[in-house]
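# Overview (structure and organization)
Letter by letter, the chains look like this.
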Amino acid sequence: MSARLSKIAVVTGAGSGIGRSVALTLAGAGWSVAVAGRRTGPLEETAAAAGPGADVLPVRADVSDPDDVNALFAAVRERYGRLDLLFNNAGTFGPGGVPLEDISYEAWRAVVDVNLTGAFLCAQAAFRQMKDQDPQGGRIINNGSISAHVPRPNSIAYTATKHAMTGLTKSLSLDGRPHRIACGQVDIGNAATEMTERMQTGILQANGQLAVEPVMDAADVARTVLHMAELPLEANVQFATVMATAMPYIGRG
């Protein structure tokens with residue numbers, strides 16, 4: 001168990017994009033961070049980017065695999081003895097641009113397994129640890145996405161799982177009350193990551209046209225997550241929307 005007095009976080013999908021940005025921001029604020037993802041190399045790059053004074057633990061884990069999830073949280077428990085925060089971030093968009101009628105069962109299932117089942121498995125493992133530890137409690141923050149509110153064309157699997165994430169957040173919030181476990185959701189729109197590169201070259205709109213969309217720095221999301229994470233457990237940001245100001249969301253585009 002670490003002798004550090006810092007708070008302990010798990011960040012999934014931390015090998016790139018929003019997950020990496022959040023992990024680095026937490027580490028920079030003095031948190032000890034376990035970074036999880038399917039590929040060891042990118043996780044080690046995240047740990048190296050945090051700098052020599054940071055406490056970052058890379059753990060290879062596929063969040064859709066119950067055994068991997070159990071091993072991830074066992075590694076955190078073994079090293080740190082407790083858990084203060086889970087940022088449930090791992091996700092996949094799935095087959096972009098494929099019409100609904102052409103999506104295979106395998107493609108649908110792959111998105112559901114990562115985005116929804118993976119988020120549940122990690123939340124369940126975190127919940128168990130936070131409930132049993134002394135002092136009791138902790139916080140879970142789910143990455144919901146703007147797609148938890150409105151769909152893009154040809155995105156039914158991603159949109160369905162992100163709508164479901166809102167239900168997961170609400171249930172976790174309710175079930176966590178007796179155990180000092182807070183749960184909130186950050187809905188992100190057009191953070192500049194590998195997943196949103198096509199927005200800067202032209203992406204399909206609801207009217208059938210292609211349009212370039214504004215993006216924002218992922219660091220803006222990370223600062224929001226840090227604010228949510230560092231609130232006392234007596235306070236909670238239930239839902240926060242962080243988006244590129246001029247992206248097509250409010251109004252008619």
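The structure displayed is predicted, hence computed values, not measured ones.

Attention now moves to the sheet that holds strand 4 (residues 85-88). Taking strand neighbours across the sheet as the criterion, the seven strands line up as 3-2-1-4-5-6-9 in an open arrangement whose pairing is parallel. Taken across any chain shown, the strands that pair with only one partner, and hence form the sheet edges, are strand 3 (56-60) and strand 9 (239-243). Between one strand and the next, the sheet's axes are offset by a mean angle of 20°, whatever the strand orientation. Taken together, the six bridges between strand 5 (residues 138-143) and strand 6 (residues 181-189) define a ladder with parallel strand orientation. Note that in strand 6 the partner of R139 across the bridge is A182. Its contacts with the sheet put helix 4 (residues 105-132) on strand 1 (8-12), strand 4, strand 5 and strand 6, and the angle it makes with strand 4 is roughly 175°.

This model, assessed by the stated rule, comprises eight salt bridges. Here R79 makes a salt bridge to D55, at a shortest N to O gap of 2.6 Å. Taken together, the positions of R79 in helix 3 (residues 66-80) and D55 in the loop between helix 2 (40-49) and strand 3 put the pair 24 residues apart, joining distant regions of the chain. Assessed through its relative accessible area of 33%, R79 is described here as partly exposed. In this structure, D113 engages R109 in a salt bridge whose closest nitrogen and oxygen atoms are separated by 2.8 Å. Of this pair, D113 and R109 both sit in helix 4, separated by four residues, roughly a single helical turn. Owing to a relative accessible area of 22%, D113 belongs among the partly exposed residues under this scheme. Residue classification places R109 among the partly exposed positions, given a relative accessible area of 41%.

Mapped onto the elements of the fold, G118 is located in helix 4. A sequence separation of 30 residues divides G118 from N88, and the C-alpha atoms of the two residues are 8.7 Å apart. Those residues in contact with G118 that lie beyond four places of it in its chain are V63, S64, N88 and D113.

Moving on, we get to helix 1 (residues 17-28). Here helix 1 is twelve residues long and its end C-alpha atoms lie 17 Å apart, about the 16 Å a rise of 1.5 Å per residue gives. Taken as a whole, helix 1 has its buried residues at I18, G19, S21, V22, A23, L26 and A27.

A word on the pairing of strand 6. Of all nine residues in strand 6, nine are buried; the element is thus mostly enclosed. Side chains I181, C183, Q185, D187 and G189 project from strand 6 onto one buried face, and the interleaved A182, G184, V186 and I188 project onto a second face that is buried too. With helix 5 (residues 156-176) bridging strand 5 and its parallel neighbour strand 6, the resulting β-α-β unit is right-handed. Sheet analysis places strand 6 next to strand 9, joined by five bridges and oriented parallel. Bridge pairing in strand 9 places V186 opposite A240.

The subject of this paragraph is the packing of aromatic side chains. Scanning all chains against the criterion turns up one aromatic pair. Taken together, a centroid distance of 4.8 Å and an interplanar angle of 40° make the contact between F93 and Y158 tilted. Of this pair, F93 sits in the loop between strand 4 and helix 4 while Y158 is found in helix 5, placing the two residues 65 residues apart along the sequence. A relative accessible area of 10% places Y158 in the buried class.

Regular strands have side chains that alternate between both faces of the sheet. Of the strand pairs in this sheet, strand 2 (residues 32-37) and strand 3 are connected by five bridges, and their pairing is parallel. Each bridged residue has a counterpart across the sheet, and for A36 the counterpart in strand 3 is V59. The parallel pair strand 2 and strand 3 is bridged by helix 2, and the resulting crossover is right-handed.

We now examine the state of the cysteines. Tallied over the entire structure, the rule returns zero disulfides. With no disulfide partner, C183 has as its closest neighbouring cysteine sulfur the one in C122, 13 Å distant.

A few words on the environment of I203. Counting through the fold element by element, I203 comes out in strand 7 (residues 203-204). Given the relative accessible area of 5%, I203 is considered buried. Separated by 29 residues in sequence, I203 and P232 place their C-alpha atoms 40 Å apart. With residues near it in sequence (within four places) discarded, I203 still touches R152, R198, Q209, L210, A211 and E213.

The rules behind the values
- Residues numbered from 1 in each chain as written.
- Predicted model: local features only at pLDDT ≥ 70, side-chain atom pairs only at ≥ 80, totals over all residues.
- Heavy atoms only, no water.
- Pairing = 2+ DSSP bridges.
- Helix = DSSP H or I, 4+ residues; strand = E, 2+ residues; numbered from the N terminus.
- Axes fitted to C-alpha atoms, helices over the stretch in contact; angles between N-to-C directions.
- Contact = heavy atoms within 4.5 Å.
- Salt bridge = Lys/Arg side-chain N within 4 Å of Asp/Glu carboxyl O.
- Buried < 20%, exposed > 50% of the residue type's maximum accessible area, 1.4 Å probe, protein only.
- Expected span 1.5 Å × (residues − 1).
- Right-handed = clockwise from strand over helix to strand, strands pointing away.
- Phe/Tyr/Trp six-rings, centres within 6.5 Å; stacked < 30°, edge-to-face > 60°.
- Disulfide = S-S within 2.5 Å.

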